[in-house]
Amino acid sequence: MDRTHLLSDQDEAAPSCPAGSHADPRDGATAPPADSMPVVPGYESLGPNVIPPSDFGSAQPPAPSRAPERRFDIPAITEELAQEAFIKYASSKCCYSSKPAKEMVFTDLQSLNTYRYRLETFTESRTTEWDSEPYNGQVVDGFGVAPAPWSIPVPIPSLFQDCEKAVRVPHTSTIKGCHSCLNLGRSACRRCVNSGRTQCPYCGGLGRTGSSRCSPCQGSGMTRCHSCGGVGSTTCETCKGQGKLLCFIKLKITWKNNVYVAVIDKGSGFPVELLDRISGEKLLTDMAPMVYPVVSFPDSSVNAESESGVREHQAQFSTTCRILQQRQTIELIPITRVHYVWKEKTHIYFVYGTEHKVYTKDYPVKCCCCSII
């Protein structure tokens, strides 16, 4: 679950598996109805609901010693850089004149410290269900005690990347007749409904084309079904013609990177949603099986968001998933609010991110062809 929270003075509110990790242990087949399957001790309740872990992972670490306070300030960019970014912005818009960007007079450049707090909680959850594959004489592992869902070892993929994997639970296999074809290995053809013949496509079942007898169907209006070759049945898709299924309990493991993001904006008037793909200066990175909320950051709003995010994730995941690792970061995103005058009118724009992108909602001249400069 991704959670994005935008915090401002007005209380305004956000990987890949190894190859084969998404693969199912079988192809095509489906399991018979659950009520026809045996009850396996420890697996009495199968289904999509996650299985609570046998242990709840690491306990929260003790509070860290209070670090000496530091100030994290980024000075406003220079006028030269602000004008260069503005000219580049105007040039990228087909209907913007670059004259205001070139002729403006700066009146003020204000640096706005904007922080982004991000908490990632990498969790593992497990579910179980009956599954099957066509039985071709393979070994049936149906003897012994099935291990508990959380005691089955499964390698953990790369941290903080969503991933899924399915494995077969040992000692749960059994052979069952195919429920789809009633053990026959063949199913009624859906096209001809078991008759072996379908309406002639040339005459539409009339037996004649114009005044002549239809040659392809010999006047009968029916032709041999092309789907089944005229036999009225096709190979069963579930058992692949075997008539039997090897059934087993499938353990599905889901690794998910759950993200909590808070942008602390001081009522600057800048739309903070533009920062989603903007990089900033990383001030803090803390990674542990269970992190402790940040307590000594100079801006108390960041400390409060860290406390809120950590508590929220612990309450949400600690009893339903296994928390494998957490990582929290704080970034300082440079934003400069630029005040300028052009043709005796005052305007504002923002230069933001280390990429020096520009945002403005009142560019003076938005159409070169219809404005008199």
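Residues numbered from 1 in each chain as written. Predicted model: local features only at pLDDT ≥ 70, side-chain atom pairs only at ≥ 80, totals over all residues. Heavy atoms only, no water.

The subject of this paragraph is the packing of aromatic side chains. What the rule picks out here adds up to 14 aromatic pairs. Look at F86 and Y349: their rings are 3.7 Å apart centre to centre, the planes differ by 5°, and that puts the pair in the stacked class. Taken together, the residues F86 in helix α1 (residues 79-91) and Y349 in strand β14 (residues 345-352) connect sequence positions 263 residues apart. Y349 shares its class with F86; the two are buried. In this arrangement the basic side chain of R168 is found over the ring face of F248, its NZ or CZ atom lying 3.9 Å from the centre. A cation over a ring is seen here: R327 above F160, with NZ or CZ 4.1 Å from the ring centre. (Phe/Tyr/Trp six-rings, centres within 6.5 Å; stacked < 30°, edge-to-face > 60°. Helix = DSSP H or I, 4+ residues; strand = E, 2+ residues; numbered from the N terminus. Buried < 20%, exposed > 50% of the residue type's maximum accessible area, 1.4 Å probe, protein only. Lys NZ or Arg CZ within 6 Å of the ring centre and 35° of its normal.)

A few words on α1. Over its 13 residues, α1 runs 18 Å from end to end, which matches the ideal 18 Å to within 8%, given 1.5 Å per residue. Those residues of α1 that fall on the buried side of the exposure criterion are A82, A85, F86, Y89 and A90. Projection of α1 onto a plane perpendicular to its axis shows the buried side chains occupying an angular sector of 135°, all on one side. Set apart from the buried face of α1 by more than 90 degrees, the exposed residues are E80, E84, K88 and S91. Of the surrounding elements, those touching the buried residues of α1 are α2 (99-103), β2 (105-134), β13 (322-342), β14 and β15 (357-359). (Expected span 1.5 Å × (residues − 1). Arc of directions from axis to C-beta. Contact = heavy atoms within 4.5 Å.)

Tracing the chain through its elements places T238 in the loop between β10 (233-235) and β11 (244-265). Distance in space between the C-alpha atoms of T238 and A31 is 8.9 Å, their sequence separation being 207 residues. Among the polar contacts listed, one links the side chain of T238 to the side chain of S180, at a separation of 2.8 Å. (Polar contact = N/O pair within 3.5 Å; in protein donor to acceptor, adjacent residues only side chain to side chain.)

With that settled, consider the pattern of salt bridges. Taken as a whole and assessed by the stated rule, the structure comprises eleven salt bridges. Put simply, E120 and R118 hold a salt bridge, and the shortest N to O gap is 3.8 Å. Take R118: its relative accessible area is 29%, and that puts it in the partly exposed class. Between E237 and K240 there is a salt bridge, with its nearest N and O atoms 3.5 Å apart. Looking at E237, the relative accessible area reads 57%, which means it is exposed. (Salt bridge = Lys/Arg side-chain N within 4 Å of Asp/Glu carboxyl O.)

What we call a disulfide is simply a covalent bond connecting the sulfur atoms of a pair of cysteines. A full pass over the atoms with the stated rule returns zero disulfides. Free cysteine C239: the closest other cysteine sulfur is in C181, separated by 3.7 Å. Judged by relative accessible area, which is 0%, C239 ranks as buried. (Disulfide = S-S within 2.5 Å.)

Moving on, we come to the confidence of the model for the chain. Summing up the model confidence of the chain, the mean pLDDT is 85 and the portion of residues at 70 or higher is 85%. Here residues 1-15 is modelled with pLDDT under 50, and outside its nearest four sequence neighbours on either side it reaches 43 contacts, counting other chains as well. (pLDDT = per-residue confidence, 0-100.)

On to the pairing of β11. In terms of burial, β11 is largely enclosed, as 18 of its 22 residues are buried. The pairing of β2 with β11 spans 20 bridges and is classified as antiparallel. The partner of R126 across the bridge, within β11, is I253. As judged from the four bridges shared by strand β4 (residues 174-177) and β11, these two strands associate in the antiparallel manner. (Pairing = 2+ DSSP bridges.)

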